[in-house]
Amino acid sequence: MSNYETLLLARLKGNTSLSGWTGGLKLLETVVSTQEEAKKLAENGAPEGTAVIAEEQTGGRGRMGRKWHSPKGKGIWMSVVLRPNLPLMSTPQLTLLAGVAVCRAIRRATGVEAGIKWPNDLLVSGRKVCGILLESSLSEGQLQYCIAGIGIDANLAEDDYPDFLKGVGTSLMIERGGLPVDRTDLAGTVLAELENLYTLYLEQGFGPIKELWDSLSVTLGRQIALNTAQGRRGGRAVGLDSDGGLLLQDDKGQWFSVCSGEIEMI
Ligand code: BTN
């Protein structure tokens, strides 16, 4: 067992707030993608809360078919199995929930004041420090399970970024002036926040999560541009709608919602 694994297991054992999730933790060295590993476990009946964490991903994936740079020992590359009894249209709310959980965990465990860019990129000083990918499995139109994929750039140095990410991505270590992050502590805190907020969501619905999201958002109040099937549109971000879409108001005062895609903050 690696040192990281021993420490993480010890940390999780001592964390009573994780008692509701019995899925356990699978720690791996090198995988193509933790999403694939978690999916295999879910297909074999793994219970809710089962988490897969890898030291390195050779084919980590992001939203919109992008690759996710996942160098060895530098980040938290994690996927968690969720089995919510929800209609498919509610899954964007889970994406926002995961963003809130990770943002709170980063703030708590590292002191870095990350903020959420809709839907759930975590930014520090305008640069991306974490991405979240929620993938759902359906059978006959019913949600079977979701895999919440979380990628946190914990201890990458500027040199660890390929050219196309230089100036776009940042790490918690960079934002702490070179002070490395305790990945064990951070991973444990992420799992604890995720479990707590997920339990809150199942008991009380999206309302409390939406309030937390609003308070951590760096998108609300900003001027936004986005490409839609109807062309480029712009407006001021004024809130979330009840499904978790972003509510915008254009310069003619007209309101509209965006439910997916990528926004630009201008
Ligand atoms: C994004 O911002 O585009 C989402 C990035 C999600 C990356 C994480 S890393 C752990 C998990 N495994 C993957 O292959 N992707 C997610």
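Here's what I pulled together on the structure shown here. These figures come from a predicted structure and were not determined experimentally. (Residues numbered from 1 in each chain as written. Predicted model: local features only at pLDDT ≥ 70, side-chain atom pairs only at ≥ 80, totals over all residues. Heavy atoms only, no water.)

## Some words on the site of the ligand
Taken together, 20 residues surround the ligand, and among them S33, Q57, R61, R63 and K128 come closest. Between the ligand and S33, the relevant distance is 2.7 Å, taken from an oxygen atom to a side-chain nitrogen or oxygen of the residue. For the ligand, a nitrogen atom lies 3.0 Å from a polar atom in the side chain of T34. Relative to its unbound accessible surface of 420 Å², the ligand loses 99% to contact with the protein. When residues of the shell around the ligand are traced back to their parent elements, those giving at least two are α2 (34–43), β3 (76–82), β6 (127–139) and β7 (142–152). The class makeup of the residues in the shell around the ligand is six nonpolar, 10 polar and four charged. (Near = heavy atom within 4 Å. Polar contact = N/O pair within 3.5 Å; in protein donor to acceptor, adjacent residues only side chain to side chain. Areas by Shrake-Rupley, 256 points an atom, 1.4 Å probe, with all protein chains shown as cover. Helix = DSSP H or I, 4+ residues; strand = E, 2+ residues; numbered from the N terminus. Nonpolar A, V, L, I, M, F, W, Y, C, P; charged D, E, K, R; others polar.)

## Quick look at the sheet that holds strand β5 (residues 121–124)
Strands sit in the order β1-β2-β3-β7-β6-β5-β4 across an open sheet of seven strands; the sheet is mixed. On the outer flanks of this sheet lie β1 (25–31) and β4 (115–117), each paired with one strand and no other. Across the sheet, the axes of successive neighbouring strands diverge by a mean angle of 20°, strand direction being ignored. Where β3 and β7 come together, seven bridges link them in antiparallel fashion. (Pairing = 2+ DSSP bridges. Axes fitted to C-alpha atoms, helices over the stretch in contact; angles between N-to-C directions.)

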